[in-house]
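Structural overview for review
Letter by letter, the chains look like this.
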Amino acid sequence: MGRTLIRGGTVVSSTGRSEADVLIDGEKIVAVFAPGSAIFGFDVAASADTVIDATGKYVIPGGIDAHTHMELPFGGTAASDTFETGTRAAAWGGTTTIIDFAVQSYGQRVFDGLATWHDKAAGNCAIDYGFHQIIGDLNTDSLQAMDGLLAEGVSSFKLFMAYPGVFYSDDAQILRAMQKSAETGLMTMMHAENGPAIDVLVGQLLAEGKTDPYYHGIARAWQLEEEATHRAIMLADLTGAPLYVVHVSAKQAVAQLAAARSRGKNVFGETCPQYLYLSLEENLGAPGFEGAKWVCSTPLRSRAEGHQEELWQSLRTNELQLVSTDHCPFCMKGQKDLGLGDFSKIPNGIGSVEHRLDLLYQGVVEGRITLERWVELTSTTPARMFGLYGTKGVIQPGADADVVLYDPAGHTSIGLGKTHHMNMDHSAWEGYEIDGHVDTVLSRGKVIVDGNSYLGAKGDGRYLPRGLSQYLI
Ligand code: URP
Ligand code: ZN
Ligand code: ZN
């Protein structure tokens, strides 16, 4: 691979920006230095095998999407992106690392579930990948297995307060798992929605003939997200478990997290682009069955109630720390349409892995977050939160050369036939226009995206064993 010099750009980190050149040797960054300068009299440009001109571009650490679901089995089907198609789409969008969820299904042993996910991913990924572990059957054997997760490079596990009969854990199971989390340092990730209460509302709505996708958002009321978030926080408080609440969409749930953080608790939260931009009224309420494109859980929230604005604010004030996609794509034909006539049978999920950096950058353009916060939310904090920092999430000597050249003078039109490499027959983001563009993507020193050309290959991506979260105290 040799030496690559990225010259003339503005290097942006979570703490600042500066005009700097970046020297890469093989897979690693070896120097970040004032433009044009020689290092100890050594002519860097002359020694480089490749020089990339980054004039006018932001040079940022590759995106880390800490929440994806390639090939996730759900609702009688499976998420339509494989590790091959989904990671390639991620790369097109400037994401160079994903952390996907290995699934322990009901009746299965934890390490069998993890092995299945290794089999799905190995040799197929375009970018580096790690795993969180879904604990879908929380019994004595699972609790014992959790003692061995860290040695496998899995430092976090996800529990579900939703989906009774599928991945669901009750309070007694959650308490036990959180005790294990406190003991081992593994991060507890929580899907915080009151599943049993949701199921009652679902049954009542369907009995009243309210079967359209819109009612998915009515059944999954914000009160049930707030309540579950509060309950998770209290159980974490009691046990001392570090808690990370995934896909937060209700402003009331944010308030619960903010209150716990102000009491000094080890409690964190992520939101996703869909909750920042999309809404119950405009999207889930689209005519006919169209709203199925936006059925996900937690659901899109009402714009009239102001959730989106509150979420943007919480990203500014660090009440929420991360933006992940919860990428879980399903096609309309043959997948989402399983829920025609019964919204509860629509597979839950939206595909966004390709668009996270762009959609968040639009927040920079619109003055919602700073450039530095953009890098922090999409790369640096995910690396710190999930035990990858130093190798990933930063442009500094010794880090993997996962680097994105982002062009603020470029433009990205999102939609089918435009920017769309995900394995889906529609885009939840059709018509979104971004005042910026992912220009060049390097993954461990290899240029995998160069303008409109894809230069990567299946199998470029490696498994990333992770350490404990750097937010633990
Ligand atoms: O709708 C969603 N979020 N689907 C993926 C599964 C989950 O709960 O994260
Ligand atoms: Zn979830
Ligand atoms: Zn998810």
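Residues numbered from 1 in each chain as written. Chains lettered and ligands numbered in written order. Predicted model: local features only at pLDDT ≥ 70, side-chain atom pairs only at ≥ 80, totals over all residues. Heavy atoms only, no water.

Under an unreviewed UniProt entry, the chain has the name Dihydropyrimidinase and belongs to Cryobacterium glucosi. As stated in UniProt under Sequence similarities (unreviewed entry), the record for the chain gives "Belongs to the metallo-dependent hydrolases superfamily. Hydantoinase/dihydropyrimidinase family." Its UniProt record gives the chain the following Cofactor (unreviewed entry) comment, quoted word for word: "Zn(2+)". (UniProt positions renumbered as here; feature names shortened; annotations may be inferred.)

Some thoughts on the side chain of Glu 372
Mapping Glu 372 onto the fold places it in helix 14 (residues 371-385). Once residues lying within four places of it in the same chain are set aside, the contact partners of Glu 372 are Val 12, Ser 13, Ser 14, Thr 15, Gly 16 and Arg 17. (Helix = DSSP H or I, 4+ residues; strand = E, 2+ residues; numbered from the N terminus. Contact = heavy atoms within 4.5 Å.)

A few points about the pairing of strand 7 (residues 58-61)
Both strand 2 (residues 10-12) and strand 7 contribute to a ladder of two bridges, which runs parallel. Note that in strand 7 the partner of Thr 10 across the bridge is Tyr 58. Examined bridge by bridge, strand 7 and strand 18 (residues 403-407) share four bridges and lie antiparallel to one another. Among the inter-strand pairings, Tyr 58 is bridged to a residue of strand 18, identified as Tyr 406. (Pairing = 2+ DSSP bridges.)

Section: the coordination of the zinc ion (ligand 3)
Listed as protein donors to the zinc ion (ligand 3) are His 67 (NE2), His 69 (NE2) and Asp 326 (OD); their distances from the metal cover 2.0 to 2.1 Å. Viewed at the metal, the four donor atoms of the zinc ion (ligand 3) are separated by angles of 86 to 141 degrees, and the geometry they form is irregular. Here the donor residues of the zinc ion (ligand 3) share one chain and are spaced in sequence as H-x1-H-x256-D. Separating the zinc ion (ligand 3) from the zinc ion (ligand 2) is a gap of 3.9 Å. Placement of the pair is His 67 in strand 8 (residues 63-68) and Asp 326 in the loop between strand 17 (322-323) and helix 13 (356-365), with a sequence separation of 259 residues. The pair His 67 / Asp 326 is uniform in exposure class, with both members buried. (Donors = N, O, S within 2.8 Å, 3.2 Å for Na, K, Ca; no water. Tetrahedral: all angles 85-135°; square planar, octahedral: opposite > 155°, others 65-115°. Buried < 20%, exposed > 50% of the residue type's maximum accessible area, 1.4 Å probe, protein only.)

Side note on the packing of aromatic side chains
By the definition in use, this model includes 22 aromatic pairs. Ring geometry for Phe 74 against Phe 330: centres 6.4 Å apart, planes inclined by 55 degrees, an arrangement best described as tilted. Here Phe 330 lies in the loop between strand 17 and helix 13 and Phe 74 lies in strand 9 (residues 73-74), a separation of 256 residues in the sequence. There is no split in this pair, since Phe 74 and Phe 330 are both buried. One aromatic cluster in this structure is built from Phe 74, Phe 160, Tyr 163, Phe 167 and Phe 330. The cationic tip of Lys 120 hangs over the ring face of Trp 117; the distance from NZ or CZ to the ring centre is 4.7 Å. (Phe/Tyr/Trp six-rings, centres within 6.5 Å; stacked < 30°, edge-to-face > 60°. Lys NZ or Arg CZ within 6 Å of the ring centre and 35° of its normal.)

Re the packing of helix 5 (residues 171-184) against helix 8 (residues 222-239)
Running from N to C, helix 5 and helix 8 point in directions that differ by 45 degrees, and their axes come no closer than 9 Å. With respect to helix 8, the axis of helix 5 lies oblique. Where helix 5 crosses over helix 8, the handedness of that crossing is right-handed. Across from Asp 171, Ile 174, Leu 175, Met 178, Gln 179 and Ala 182 in helix 5, the residues of helix 8 making contact are Arg 231, Ala 232, Leu 235, Ala 236, Leu 238 and Thr 239. Partitioning the contact of helix 5 with helix 8 into residue classes produces eight nonpolar, two polar and two charged. (Axes fitted to C-alpha atoms, helices over the stretch in contact; angles between N-to-C directions. Parallel < 35°, antiparallel > 145°, perpendicular 65-115°, else oblique. Left-handed = near helix turned anticlockwise from the far one by under 90°. Nonpolar A, V, L, I, M, F, W, Y, C, P; charged D, E, K, R; others polar.)

Here's the deal with the environment of Pro 465
With respect to the helices, strands and loops of the structure, Pro 465 is situated in the segment after strand 23 (453-454). The exposed category is assigned to Pro 465, whose relative accessible area is 55%.

Overview of the site of ligand 1
Neighbouring residues of ligand 1: 13 residues in total, closest Lys 158, His 191, Ser 297, Asp 326 and Asn 348. Between ligand 1 and Lys 158 there is a distance of 2.9 Å, counted from an oxygen atom to a side-chain nitrogen or oxygen. His 191 places a polar side-chain atom, nitrogen or oxygen, 3.0 Å from an oxygen atom of ligand 1. Put simply, ligand 1 lies in the largest cavity. (Near = heavy atom within 4 Å. Polar contact = N/O pair within 3.5 Å; in protein donor to acceptor, adjacent residues only side chain to side chain. 1 Å grid on protein atoms, 1.4 Å probe; cavity = no way out; pocket = protein on both sides within 12 Å on 5 of 7 lines; lining within 4 Å. Sits in = over half its atoms within 2 Å of the grid points.)

Quick notes on the environment of Glu 354
For Glu 354, the position within the fold is in the loop between strand 17 and helix 13. A relative accessible area of 1% places Glu 354 in the buried class. Separated by 67 residues in sequence, Glu 354 and His 421 have C-alpha atoms that sit 7.4 Å apart. Once residues within four sequence positions are removed from consideration, Glu 354 is found in contact with Ala 89, Trp 92, Gly 93, Thr 419, His 420, His 421 and Met 422. Polar side-chain contacts of Glu 354 include one of 2.6 Å to the backbone nitrogen of His 421. Polar contacts involving the side chain of Glu 354 include one to the main-chain amide nitrogen of Met 422, which spans 3.5 Å.

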